[in-house]
Amino acid sequence: MPKLGMEPIRKAALVKATIVEIGRAGSLDVTVSQIAKRAGMSSALAHHYFGSKEEMFLAAMRHILTLYGAEVRGALVAAEGPEGRIRAILRANFSPTNFRREAVGAWLNFWVLSLSVPQAKRLLAVYQRRLRSNLIAALRPLAGVRAGEIAESLGAMIDGLYLREVLKSGAPDGAAAAAVALRHLEAELARGA
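Residues numbered from 1 in each chain as written. Predicted model: local features only at pLDDT ≥ 70, side-chain atom pairs only at ≥ 80, totals over all residues. Heavy atoms only, no water.

Undergrad: I'd like a description of the nonpolar core, backed by residues and values.
TA: Of all hydrophobic cores here, the largest spans 60 residues; its most connected members are F94 and L139. The leading source of residues in this core is helix 4 (residues 53–78), at 11 residues. Excluding residues that lie within four positions of it along the chain, F94 makes contacts with F99, I158, L161, Y162, G174, A177, A178 and A181. (Core = buried A, V, L, I, M, F, W, Y, C linked by side-chain atoms within 4.5 Å. Buried < 20%, exposed > 50% of the residue type's maximum accessible area, 1.4 Å probe, protein only. Helix = DSSP H or I, 4+ residues; strand = E, 2+ residues; numbered from the N terminus. Contact = heavy atoms within 4.5 Å.)

Undergrad: Just give me the short version of the packing of aromatic side chains, but keep the residues and values in it.
TA: The relative placement of two aromatic rings is captured by the distance of their centres and the angle of their planes. For the coordinates displayed, the defined rule picks out eight aromatic pairs. With 5.3 Å between their ring centres and 75 degrees between their planes, Y68 and Y127 make a pair best called edge-to-face. Of this pair, Y68 sits in helix 4 while Y127 sits in helix 7 (residues 118–143); the two residues are 59 residues apart in sequence, bridging distant segments of the chain. A single burial state applies to Y68 and to Y127, both of which are buried. Residues W107 and W111 carry aromatic rings whose centres are separated by 6.0 Å and whose planes lie at 45 degrees to one another, so their mutual orientation is tilted. Here the residue W107 and the residue W111 both occupy positions in helix 6 (residues 101–113), the gap between them amounting to four residues, near one helical turn. In this structure W107 comes out as buried when scored by relative accessible area, which is 4%. A network of ring pairs unites the aromatic residues Y68, F94, F99, W107, W111, Y127 and Y162 as a single cluster. The residue whose ring lies beneath K11 is F50, and the NZ or CZ to ring-centre distance is 5.7 Å. (Phe/Tyr/Trp six-rings, centres within 6.5 Å; stacked < 30°, edge-to-face > 60°. Lys NZ or Arg CZ within 6 Å of the ring centre and 35° of its normal.)

Just distances and angles here, no functional claims.
See the structure below:
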C-alpha cells in the first residue's frame, strides 16, 4: 500500500535527481535506474510516477523553467525604469539559481530534446517568447524601432553564454556572464534608436 502524501515528495526528488544526472552526464544519455538511484528509490517507482524517461525530462524542464520564471519576476519587481528592467532580466538569467552547473547542462540537453520532442519544443518556445516580450517591453522606450532587434541579440547572447559555459570546467561564473550580456546591451543602446 502506497504511503499517502508521498507522491509529490517523490516526484520532486525524481525531478531534482533528473537535473543532477543530466548535468553530471552532460547528455540525455542517463537511465531511469540512475535517476531513481540518485533519488533513493526504485526504477519501478520512478516509472510509476512518470511513465517514461521522456516524461521525467519534461518534468525537470518545467521545474527549471518555473525556477527561472520566479527569479525573473522577482528581479522585475525590484527593478526601476526600463533599463533597470533589462538589467534585472539579464542578471536573473545568470543568477546562482539559474546558472549553476546542473541547470546549465540541463538547459543544453533540453535544447537537444526540443529537436525531437514536440512538448520540449513547445516549452522552449514559451520561454523564448516570454524572454523576448519582457525585453522588448523594456527596450521600446530606450531603443524605439530597434527594440525587437536588440531583444533578439540579447536572447542569442544569453543562449550563447549558456552554451559556452558547458565547455568550461569549474563552477559557472554568473557575474562574468551577466557582465558580457550587459556590455552588449550598453553597446546596442549607445548606437541609438
